Amino acid sequence: MPLTDQQLDQLTLAEGALTLNHALDPSIDVNHVQASLELLADEAEHLLGCEPDMALRLEGLRRLFYHQWQFTGDFEQYFSSENVFIHHVLSRKKGIPVSLGAIFLYLCERLSLPVKPVGFPTQLLLRIDELENTPVYLNPFDGERVSMRTLRGWLIGSQGPFAELEPSHLEVSDHPSIIGRWLAVAKSALLREEKYAMALRCSELALTFSPDDPYEIRDRGYIFQQLDCDRVAATDYEYFIEQCPDDPAAELLKMQVKVLNEEQPTLH
């Protein structure tokens, strides 16, 4: 990763994401994106900065962001890679919970609003502890409140009918953890769009977090295979098989390794 975990925690989530985005696509003009974020923050501060009541200031920002500026969740192309790159989200005003939430949190910090990110198992949530007697959760996809009943439903839909909502699911998350999940979402989107060179950068960045993660190395092997780098793909698959022999994918990958090795050119 271009920055350490400690450095990421010192940045806003949007700034950390922008660092990630630039690592994946060096053509991104970081200064221009930062200037765009600052323009939004300046306008929000001009309109709402003098409001002394925290609840009214938060409601004003929510209306400004989702209604006046018309930022919205991308219902039509949720899994598009454009939704994980901050500069695209700013220009399109469409994104997914993590990207929209990062921008919203950037504005909250400027307005001194006590809103924190929560890496809920299904998506990013925004948590406000000082609004009512119990924490309030917002869905950054649309800016609406999320009830405990809805969160339980999301969890069951993701993990099965016996899943239970635990206090740990609603704890505030650190920025490195969220950026790590963001990276996984980016890789998945890029693979779906067959942008393998950029997906490989995702995998290499992820391995700076966990250098020996067999599942990430398996995924990197798949990307290498799509890039016709059969020898290194086979090496990554072999590592996964050795580390996770009981995984259901191991037997399939053994056959894949055999095919890849048979396809290696014979040198005379």
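In this text the structure is predicted, and so the values were computed from the model without any measurement.

Draft legend 1. Representation of the nonpolar core in the model. Core analysis: the biggest nonpolar cluster contains 69 residues, and Leu24, Leu61, Phe65 and Trp182 have the highest contact counts within it. Tallying contributions element by element places helix H6 (residues 97-110) first for this core, with nine residues. In terms of nonpolar packing, the next biggest core, distinct from the first, is built from nine residues, Leu125, Tyr137, Val146 and Leu151 among them.

Draft legend 2. View of the pairing of strand S3 (residues 115-119). Inspection of the sheet shows S3 paired to strand S4 (residues 124-128) by five bridges, in the antiparallel sense. Residue Lys116 lies in a different strand from S4, and its bridge partner there is Arg127.

Draft legend 3. Representation of the sheet that holds strand S6 (residues 144-145). Here four strands make up an open sheet; going across it, the order is S3-S4-S5-S6 and the pairing antiparallel. Each end of this open sheet is capped by a strand with a single partner; those strands are S3 and S6. In this fold H6 packs onto S3, S4 and strand S5 (136-139), with an angle of close to 30 degrees to the strand it touches most, S4.

Draft legend 4. Local environment of the pairing of S5. Residues Val136 and Leu138 of S5 are buried on one face, and the alternating residues Tyr137 and Asn139, pointing to the opposite face, are buried as well. Direction of pairing for S4 relative to S5: antiparallel, over a ladder of three bridges. Bridged to Ile128 within S5 is Val136. Sheet topology note: the S5/S6 ladder contains two bridges and is antiparallel. For Asn139, the partnering residue across the bridge sits in S6 and is Glu144.

Draft legend 5. Summary view of the packing of aromatic side chains. Enumeration according to the criterion identifies 10 aromatic pairs in this entry. Measuring from centroid to centroid gives 5.2 Å for Tyr215 and Phe240, while their planes differ by 75 degrees, and the two rings are edge-to-face. Here Phe240 lies in helix H11 (residues 230-243) and Tyr215 lies in helix H10 (residues 214-226), a separation of 25 residues in the sequence. When its relative accessible area of 0% is taken as the criterion, Phe240 is described as buried. Directly above the aromatic system of Phe240 lies the positively charged group of Arg218, at a separation of 5.2 Å from the ring centroid.

Draft legend 6. Molecular detail of helix H7 (residues 148-159). Counted at 1.5 Å a residue, the expected span for H7 with its 12 residues is 16 Å, and the 16 Å between its end C-alpha atoms agrees. Just past H7, the residue Gly160 takes up positive phi, approximately 110 degrees.

Draft legend 7. Region of the structure containing the side chain of His175. By secondary structure assignment, the location of His175 is in helix H8 (residues 175-192). A polar side-chain atom of His175 sits 2.9 Å from the main-chain carbonyl oxygen of Leu11. Sequence-distant contacts of His175, that is, excluding residues within four places in its chain, are made with Leu8, Asp9, Leu11, Thr12, Leu13 and Pro117.

Draft legend 8. Structural context of helix H2 (residues 13-24). The end-to-end C-alpha separation of H2 is 17 Å, in line with the 16 Å expected for 12 residues at 1.5 Å each. Those residues of H2 that sit buried are Leu13, Ala14, Gly16, Ala17, Leu18, Leu20, Asn21 and Leu24. Those residues of H2 that are buried lie in contact with helix H1 (5-10), helix H3 (30-48), helix H5 (86-92), H6, H8 and helix H9 (196-209).

Draft legend 9. Representation of the confidence of the model for the protein chain in the model. In this model, the protein chain carries a mean pLDDT of 94, and residues with pLDDT of at least 70 account for 97%. When mean pLDDT is taken per element in the protein chain, strand S2 (residues 94-95) scores highest with 98 and H1 scores lowest with 76.

Draft legend 10. Broad picture of unusual backbone geometry. Here the phi dihedral of Gln70 falls at roughly 65 degrees; this positive angle occurs in a residue that is not glycine. Inspection of the secondary structure assignment puts Gln70 in the loop between helix H4 (54-68) and strand S1 (72-73). Take Gln70: its relative accessible area is 55%, and that puts it in the exposed class.

Draft legend 11. Main features of the pattern of salt bridges. With the rule as written, the count across this model stands at 17 salt bridges. With a closest N to O distance of 2.5 Å, Glu38 and Arg110 form a salt bridge. Linking Glu38 in helix H3 with Arg110 in helix H6, this pair joins segments that are 72 residues apart in sequence. Owing to a relative accessible area of 24%, Arg110 belongs among the partly exposed residues under this scheme. For the salt bridge of Arg145 with Glu132, the shortest nitrogen-to-oxygen distance reads 2.7 Å. Remark: Glu132 occurs in the loop between S4 and S5 and Arg145 occurs in strand S6; sequence separation between them is 13 residues. Given the relative accessible area of 51%, Arg145 is considered exposed.

Conventions and cut-offs
- Residues numbered from 1 in each chain as written.
- Predicted model: local features only at pLDDT ≥ 70, side-chain atom pairs only at ≥ 80, totals over all residues.
- Heavy atoms only, no water.
- Core = buried A, V, L, I, M, F, W, Y, C linked by side-chain atoms within 4.5 Å.
- Buried < 20%, exposed > 50% of the residue type's maximum accessible area, 1.4 Å probe, protein only.
- Helix = DSSP H or I, 4+ residues; strand = E, 2+ residues; numbered from the N terminus.
- Pairing = 2+ DSSP bridges.
- Contact = heavy atoms within 4.5 Å.
- Axes fitted to C-alpha atoms, helices over the stretch in contact; angles between N-to-C directions.
- Phe/Tyr/Trp six-rings, centres within 6.5 Å; stacked < 30°, edge-to-face > 60°.
- Lys NZ or Arg CZ within 6 Å of the ring centre and 35° of its normal.
- Expected span 1.5 Å × (residues − 1).
- Polar contact = N/O pair within 3.5 Å; in protein donor to acceptor, adjacent residues only side chain to side chain.
- pLDDT = per-residue confidence, 0-100.
- Salt bridge = Lys/Arg side-chain N within 4 Å of Asp/Glu carboxyl O.

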